Amino acid sequence: MMMLFVTVMTAQKLDYADGTIMYEDEKINTIDVTLDPKVSTIKDKFEDWMDDNYDVDLDGTKLLFFDADYMSANGVVIPEISDRKIDLKVKVDETTAGMTKLNMFASFGYDNWITEDKHPEEYAALRSIVNEFVRDYLPEYYLDQVEDAEEKVDDLKEDRDDLNDDMQDNEEKIKKLEAENRELTKKLKENQKLIDQSKSRLKAKNKDYKSIKSRVSDRNGK
């Protein structure tokens, strides 16, 4: 079952591991998961998901005094982990590779960190919560990505169809204009022919006029 889950995560640009983090100058065991979505997205989604699924409020960043790097829920009871109160810490940050890493760790109070060595069952429960979040959220995230991409494709297809319609309209207008131009060219040729004929008649008339004028002048002169 775990092998299947790891395989799915790898295919989804996701890396799961047990890691460590420096917190208040102490190296702490954490549940790590590296995801593709952006930091702000994972922060918001994980905060909402913990509230919806475990009734845990991680918006400690709204308090007056807080560490801006961490989301916290202190003194909460999560039965899936333990009947005892725990302090839960979550850090979401960008990796050097541009991915998003979520670190989750917890303690039973000051300096009593939940680790795989000291609290194996509770630590495994923490890991299960992270796994559950990934299993619930990632398909939704990628489905949203698919739907966004499909919507983009549909928009582009619509644009393409509009452009094709415009092109077809223009081609029809061009054909109409070409037909009108052919008709105008024909009329221009006919007009030029009439002009040429009129010029010939005018030339003939001028010739007749000059001839008559010359005869009249000669007769009057006698």
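In the block above lies the structure referred to throughout.
For the structure given in this document, a descriptive report is provided here. (Residues numbered from 1 in each chain as written. Predicted model: local features only at pLDDT ≥ 70, side-chain atom pairs only at ≥ 80, totals over all residues. Heavy atoms only, no water.)

## Quick notes on the overall build of the protein
Logical step 1: A tally of helices and strands in the protein yields three helices and five strands.
Logical step 2: Each helix (α) and strand (β) of the protein, taken in turn from the N terminus, gives the series α-β-β-α-β-β-β-α.
Logical step 3: Scored against the burial criterion, the 222 residues of the protein give a buried share of 30%.
Logical step 4: Pairs at least 24 residues apart make up 50% of the contacts formed inside the protein by residues separated by at least 6 positions. (Helix = DSSP H or I, 4+ residues; strand = E, 2+ residues; numbered from the N terminus. Buried < 20%, exposed > 50% of the residue type's maximum accessible area, 1.4 Å probe, protein only. Contact = heavy atoms within 4.5 Å.)

## Section: the nonpolar core
Logical step 1: One finds Phe 46, Met 50, Leu 58, Ile 78, Leu 88, Leu 102 and Met 104 to be the most contacted residues of the largest nonpolar core, which totals 35 residues.
Logical step 2: A per-element tally of this core places helix α3 (residues 120-221) first, with 10 residues.
Logical step 3: In this structure, Phe 46 is in contact with Leu 58, Met 71, Val 90, Leu 102, Met 104 and Phe 133, ignoring residues within four places of it in sequence.
Logical step 4: Membership of the second largest hydrophobic core comes to six residues, among which are Tyr 23, Ile 28, Tyr 70 and Trp 113. (Core = buried A, V, L, I, M, F, W, Y, C linked by side-chain atoms within 4.5 Å.)

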